[in-house]
Amino acid sequence: MTLQLGEKHFTSAQPESAARRIVTFRVGDRTFGIDVGMVREIKGWQATTPLPHAAPHVRGVLNLRGVILAVYDLRTAIGLGVTDATATHVIVVVDVEDKTAGLLVDSVSDIVDVPVSAVRPAPDLERDEHGLIEGLVLLDTDIVALLDLAAVIKDGGDAQARQARAN
């Protein structure tokens, strides 16, 4: 299963009346989202090749039409353990800071338009999903946590790695 979503990127400098188009997906009982412009495609689970000495949230690499793609386990990045991947899991292929990467999630839920004004800042907590959340959106009765993909890719919620970069 592969779904091509395109390679156009939306800018964050949108008028207040504009909407953000968000792809939502699930990890356990939590709902997360990212801008649809960051998503290249959504593909079914494919086994990865582990890399020695990789960060815990790096699931491994796979060959995606001749491109070596690093796959990151979102469940591990948010501190919920390692995903026991099955055929029902999917890899969301994303473009982040001139890199293409895969994000292992349980399922993709929807693509929704959210008014920019509806995005709320993440609470200033000691551990807001390990510093990986850039904002929150209320959709019906579900709270969608908007991910900072650069933080997921760089250190997967490793507070020590973020602290080292800040110093």
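Each value, and the rule that gives it
Every chain begins its residue count from 1, and numbering advances along the sequence as written. Residues qualify for local features only when their pLDDT is at least 70, as the model is predicted, and side-chain atom pairs are given and counted only at 80 or more; totals for whole chains, interfaces and linings, by contrast, use all residues. Computation of side-chain values covers all heavy atoms of the structure but excludes hydrogens and water. A pair of Phe, Tyr and Trp rings is counted when the ring centres sit within 6.5 Å of each other, with Trp represented by its six-membered ring. The angle between the planes then sorts it: under 30 degrees is stacked, over 60 is edge-to-face, the rest tilted. Only protein chains enter the accessibility calculation, which uses a 1.4 Å probe; a residue whose area is less than 20% of its type maximum is buried, one above 50% is exposed, and one in between is partly exposed. Put simply, DSSP marks the helices as runs of H or I at least four residues long and the strands as runs of E at least two long, and each gets a number from the N terminus on. For two strands to count as paired, DSSP must find a minimum of two bridges between them. All axes here are fitted lines through C-alpha atoms, helices being fitted over the stretch that makes contact, and every angle between N-to-C directions spans 0 to 180 degrees. Within this document, salt bridges are pairs made up of a side-chain nitrogen of Lys or Arg and a carboxyl oxygen of Asp or Glu, the two lying within 4 Å of each other. A residue's pLDDT is simply how confident the predictor is in it, with values from 0 to 100. In what follows, residue pairs with any heavy atoms lying within 4.5 Å of each other are defined as contacts. What qualifies as a polar contact is a pair of N or O atoms within 3.5 Å, subject to a donor-acceptor requirement within protein and to the restriction that residues adjacent in sequence count only when both atoms come from side chains.

A. Quick peek at the packing of aromatic side chains. Under the counting rule described, the total for this entry stands at one aromatic pair. Arranged with centres 6.5 Å apart and planes meeting at 25 degrees, the rings of Phe25 and Phe32 form a pair that is stacked. This pair shows no difference in class: Phe25 is buried, exactly as Phe32 is.

B. How the structure looks around the side chain of Thr83. Inspection of the secondary structure puts Thr83 in the loop between α1 (74-77) and β7 (90-96). With a relative accessible area of 5%, Thr83 lands in the buried category.

C. Highlighting the sheet that holds strand β9 (residues 107-115). Strands sit in the order β9-β2-β3-β11-β10 across an open sheet of five strands; the sheet is mixed. Every other strand in the sheet has two partners, leaving β9 and β10 (133-139) as the edge strands with one partner each. When the angles between neighbouring strand axes are averaged without regard to direction, this sheet yields 35 degrees. In this sheet, strand β3 (residues 30-35) lies alongside strand β2 (residues 19-27) in antiparallel orientation, the contact comprising six bridges.

D. Summary view of the pattern of salt bridges. Evaluation of the coordinates by the stated rule reveals nine salt bridges. Of the charged contacts in the structure, one is a salt bridge between Arg21 and Asp113, with a shortest N-O distance of 2.8 Å. Separated by 92 residues along the polypeptide, Arg21 in strand β2 and Asp113 in strand β9 bring together distant segments of the chain. Since its relative accessible area comes to 41%, Arg21 is described here as partly exposed. Accessibility expressed as a relative area gives 46% for Asp113, which makes it partly exposed. Measuring nitrogen to oxygen at the nearest pair gives 3.4 Å for the salt bridge that ties Asp73 to Arg59. Taken together, the residues Asp73 in strand β6 (residues 67-73) and Arg59 in strand β5 (residues 58-64) connect sequence positions 14 residues apart.

E. Main features of the confidence of the model for the chain. Looking at the chain as a whole, the pLDDT averages 83, with 78% of positions reaching at least 70. Confidence over residues 6-14 falls short of pLDDT 50; this stretch has twelve contacts with residues more than four positions distant or in other chains. Across residues 159-167 the pLDDT falls below 50, and counting only partners more than four positions away or on other chains, this stretch makes seven contacts in the model.

F. Layout of the side chain of His89. Tracing the backbone shows His89 in the loop between α1 and β7. A polar side-chain atom of His89 sits 3.0 Å from the main-chain amide nitrogen of Thr86.

G. The arrangement of the environment of Val67 in detail. Positionally, Val67 belongs in strand β6. The spacing of Val67 and Thr100 is 33 residues in sequence and 9.1 Å in space, taken between C-alpha atoms.

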